[in-house]
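This is what each chain is made of:
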There are 2 protein chains.
Amino acid sequence: MINKLTIFGVGLIGGSLALALKKAGYCNEIVGCSRSEEHLQRAVELGVIDSYTLDPKQAVQGADMILLAVPMRAIPAILNTIASHIGKDAIITDAGSAKGSVITATKTAFNGVLPPNFVAGHPIAGREKSSVEAAIDDLYIDHKVILTPTDETSNDTVSKVRDMWQVAGATVETLPVKQHDDVLAATSHLPHILAYSLVNTLSKSEYGDAVFDYAAGGFKSFSRIASSDPIMWRDICLENKSAILTALDKFQLDLTELSDAIREDDSEAIEKTFNHAKSTRDANIKD
Amino acid sequence: MINKLTIFGVGLIGGSLALALKKAGYCNEIVGCSRSEEHLQRAVELGVIDSYTLDPKQAVQGADMILLAVPMRAIPAILNTIASHIGKDAIITDAGSAKGSVITATKTAFNGVLPPNFVAGHPIAGREKSSVEAAIDDLYIDHKVILTPTDETSNDTVSKVRDMWQVAGATVETLPVKQHDDVLAATSHLPHILAYSLVNTLSKSEYGDAVFDYAAGGFKSFSRIASSDPIMWRDICLENKSAILTALDKFQLDLTELSDAIREDDSEAIEKTFNHAKSTRDANIKD
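As the structure is a prediction and not an experimental result, all values here were calculated from the model.

Cut-offs used in this document
- Residues numbered from 1 in each chain as written.
- Chains lettered and ligands numbered in written order.
- Predicted model: local features only at pLDDT ≥ 70, side-chain atom pairs only at ≥ 80, totals over all residues.
- Contact = placed C-beta atoms within 7 Å.
- Helix = DSSP H or I, 4+ residues; strand = E, 2+ residues; numbered from the N terminus.
- Nonpolar A, V, L, I, M, F, W, Y, C, P; charged D, E, K, R; others polar.
- Least-squares fit on C-alpha atoms with pLDDT ≥ 70 in both.
- Domains from an automatic or database assignment.
- Pairing = 2+ DSSP bridges.
- Buried ≥ 20, exposed ≤ 12 C-beta atoms within 10 Å, placed from the backbone.
- Axes fitted to C-alpha atoms, helices over the stretch in contact; angles between N-to-C directions.
- Parallel < 35°, antiparallel > 145°, perpendicular 65-115°, else oblique.
- Left-handed = near helix turned anticlockwise from the far one by under 90°.
- Arc of directions from axis to C-beta.
- Right-handed = clockwise from strand over helix to strand, strands pointing away.

1. Describing the interface of chain B and chain A
By convention, interface size is frequently given as the accessible area that disappears when the constituent parts associate. The partner chain A presents 79 residues to the 79 residues of chain B that form the contact. Elements that contribute at least two residues to the side of chain B that touches chain A include exactly strand 8 (144-147), helix 7 (177-202), helix 8 (217-223), helix 9 (230-239), helix 10 (241-263) and helix 11 (267-284) of chain B. Partitioning the side of chain B that touches chain A into residue classes produces 41 nonpolar, 22 polar and 16 charged.

2. Observations concerning the relation of the copies chain B and chain A
With an RMSD of 0.0 Å, the operation that places chain B on chain A is a rotation of 180 degrees combined with a shift of 0.0 Å along the axis. Taken together, the turn and the small shift mark the pair as related by a two-fold rotation axis. Residues of chain B ranked by C-alpha distance from the rotation axis are headed by B:F222, positioned 1.9 Å from it. A high fraction, 100%, of the interface residues of chain B reappear at the interface in chain A, so the copies pair face to face through one surface.

3. Comments concerning the domain arrangement of chain A
Residue and element names in this part refer to chain A. As far as domains go, chain A holds domain 1 (2-175) and domain 2 (179-284). One C-alpha centre belongs to domain 1, the other to domain 2; they are set 30 Å apart. With 15 residues of domain 1 at the contact, the number on the domain 2 side is 17 residues. In the side of domain 1 that touches domain 2, the residues fall into 5 nonpolar, 7 polar and 3 charged.

4. Examining the sheet that holds strand 1 (residues 2-8) of chain A
Residues and elements named next belong to chain A. Spatially, 3-2-1-4-5-6 is the arrangement adopted by the 6 strands of the open sheet, whose pairing is parallel. The open sheet is flanked by strand 3 (51-53) and strand 6 (118-119), the only strands paired with a single partner. When strand 5 (residues 91-94) meets strand 6, the two strands line up parallel, connected through 2 bridges. In the strand pairing of strand 6, T93 is matched with V119.

5. Focus on unusual backbone geometry
Note: most peptide bonds trans; most residues except glycine with negative phi. Even without being a glycine, A:N111 presents a positive backbone phi close to 55 degrees. Mapped onto the elements of the fold, A:N111 is located in the loop between helix 5 (100-109) and strand 6.

6. Description of the environment of A:D249
Residues and elements named next belong to chain A. Relative to the helices and strands, D249 resides in helix 10 (residues 241-263). On the neighbour-count criterion, D249 (12 C-beta atoms within 10 Å) is exposed. Through-space distance from the C-alpha of D249 to that of D282 is 25 Å; in sequence the pair is 33 residues apart.

7. Some remarks on the packing of helix 4 (residues 75-82) of chain B against helix 5 (residues 100-109) of chain B
Residue and element names in this part refer to chain B. Between helix 4 and helix 5, the least distance of the axes is 9 Å, while the angle of their chain directions is 25 degrees. The angle between helix 4 and helix 5 falls in the class roughly parallel. As helix 4 runs across helix 5, the sense of the crossing is right-handed. Residues I75, P76, L79 and N80 of helix 4 form the contact with helix 5, whose own contacting residues are V102, A105, T106, T108 and A109.

8. Points about helix 9 (residues 230-239) of chain A
The element helix 9 of chain A is extensively covered by neighbouring structure, given that 9 of its 10 residues are classed as buried. Taken together, the buried residues of helix 9 of chain A touch helix 5, helix 7 (177-203) and helix 10 of chain A together with helix 10 and helix 11 of chain B.

9. Some words on helix 4 (residues 75-82) of chain A
Residues and elements named next belong to chain A. Turning to helix 4, its buried residues are I75, I78, L79 and I82. The buried residues of helix 4 occupy an angular sector of 100 degrees when projected down its axis, which confines them to one face. In this structure, the buried residues of helix 4 make contact with strand 1, helix 3 (56-60), strand 4 (65-68), strand 5 and helix 5.

10. Comments concerning the sheet that holds strand 9 (residues 171-174) of chain A
Residues and elements named next belong to chain A. With mixed pairing, 3 strands are arranged side by side in an open sheet as 7-8-9. At either end of the open sheet lies a strand with only one pairing partner, and these are strand 7 (121-123) and strand 9. For this sheet, the mean angle separating the axes of adjacent strands, direction not counted, is 20 degrees. In terms of strand pairing, strand 7 meets strand 8 (residues 144-147) through 3 bridges, oriented antiparallel. In the strand pairing of strand 8, G121 is matched with L147.

11. Some details on the pairing of strand 2 (residues 27-33) of chain B
Residues and elements named next belong to chain B. Extensive coverage of strand 2 is indicated by the burial of 5 of its 7 residues. Of the strand pairs in this sheet, strand 1 (residues 2-8) and strand 2 are connected by 6 bridges, and their pairing is parallel. The residue of strand 2 that forms the bridge with I2 is C27. Traced from strand 1 through helix 1 (residues 12-23) to strand 2, the parallel crossover comes out right-handed. Bridge analysis of strand 2 against strand 3 (residues 51-53) gives 3 bridges, and the strand direction is parallel. Bridge pairing links C33 to T53 in strand 3. Regarding topology, helix 2 (residues 37-45) serves as the crossover connection from strand 2 to the parallel strand 3, and that connection is right-handed.

Written as structure tokens, this is what we have:
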């Protein structure tokens, strides 16, 4: 049970967790905090949170669980503001898509020492809609949440954050920080970058927007993630920069190789690449 | 009405057209032809075609409509074989994803002169499953078919091929050959290449196939087209090479620019790219 849960950033991710925990009767009180009063009022109206404040220090007063579910670049300032106002036993976690930078920011906010009551987390559940209006109480059911505890993290912290996400329906796993950031750079961040980039390239077509008139189902599903929240994804690019650039460089090299194969009519090389990709995907991805 | 329809390549595309036309009672007879007797037998068993032959010349005997629905690289040999065995009034069309190369192959097969009874066509409807087992009678409903008639094509040819696809439920449009090939290179061929290439890059991950363990919905939909038929897509790459390489080069330049922005922490440039892509997609693609 959580007595008071404070959620920074009551959008799809924070809002859906709030709704799931409310449904389960797992929190006595859920308080929202962000920079937009209009947005927080809407969250109260929708029954997502019980109350709100625009003041981060007030928001964490008496909280036993604090979730940072804001775009990643907003996390350090919040941590710096609340660090000395958090109760001794309050647990801090986040929902960002990259973990190394959140851990660094937390260490900085807590005078260079990672507190035992902090664990970074990443619910792997998203939709193209990112507002509180899109929040649903079953978003996390059958989805994974990855926690990346460090040597400093207490077992109690991991256990309480795990419990919270499990109550919301998620399967919770732990991963080393670097592995999380590398893997997510490859399977999540890179595809988003490619989808955004492709739509951007097409938008400059000599045929204008008519280029999209004959787009079929393949393009729709490929580019769906290019409708994701630009600010959220801008921040992820900046916060997981190193792993993303590594993945992007590898991809560019492979793509150039494939491009060369097409240029040289190397039928065998093209077929081999496509075959290998198809069998890899068929073996690893359901649907 | 079609008296005898001959379909070369009775897979998803040819098979689904056959099923739709049968349902509408639009053909007296549908004959299949391919290199695999086992496959053709299965098509007869499934009620997709009435009969089959492995001999292309025999297949077109008495046919008033001939559809080439084989992987694109198989088209020239079939055309060369059947060219002198086709009835005077028989219409020839195809279902390939690139049109310039089919037109060139047809011209070659007919001694350098494009016959008036030929029109290249492209049903924009596909699925990841490509076999005759995946054929369905409603595949073309609410889908577009693009025809790319040339100066040599007779109106009667366009009209008869249009009628056939419309009976199957499709909306038929015409486009200049180059525009078709450019647009499809950008919105269909390029995304397939990127999806195949990304899965290929990921398959070499230091984390092995575990890299896919945390893949979410975004990756699934982005990479769905990497489960498409490798032979079909190899052929499209080779047959629409020039337009694809142009699109690919533009994409690589834009991606490098975005990559540089990430490397340089150029928050504004990243946000601008993502915003522009999102608004372009939201404005042009439904769902």
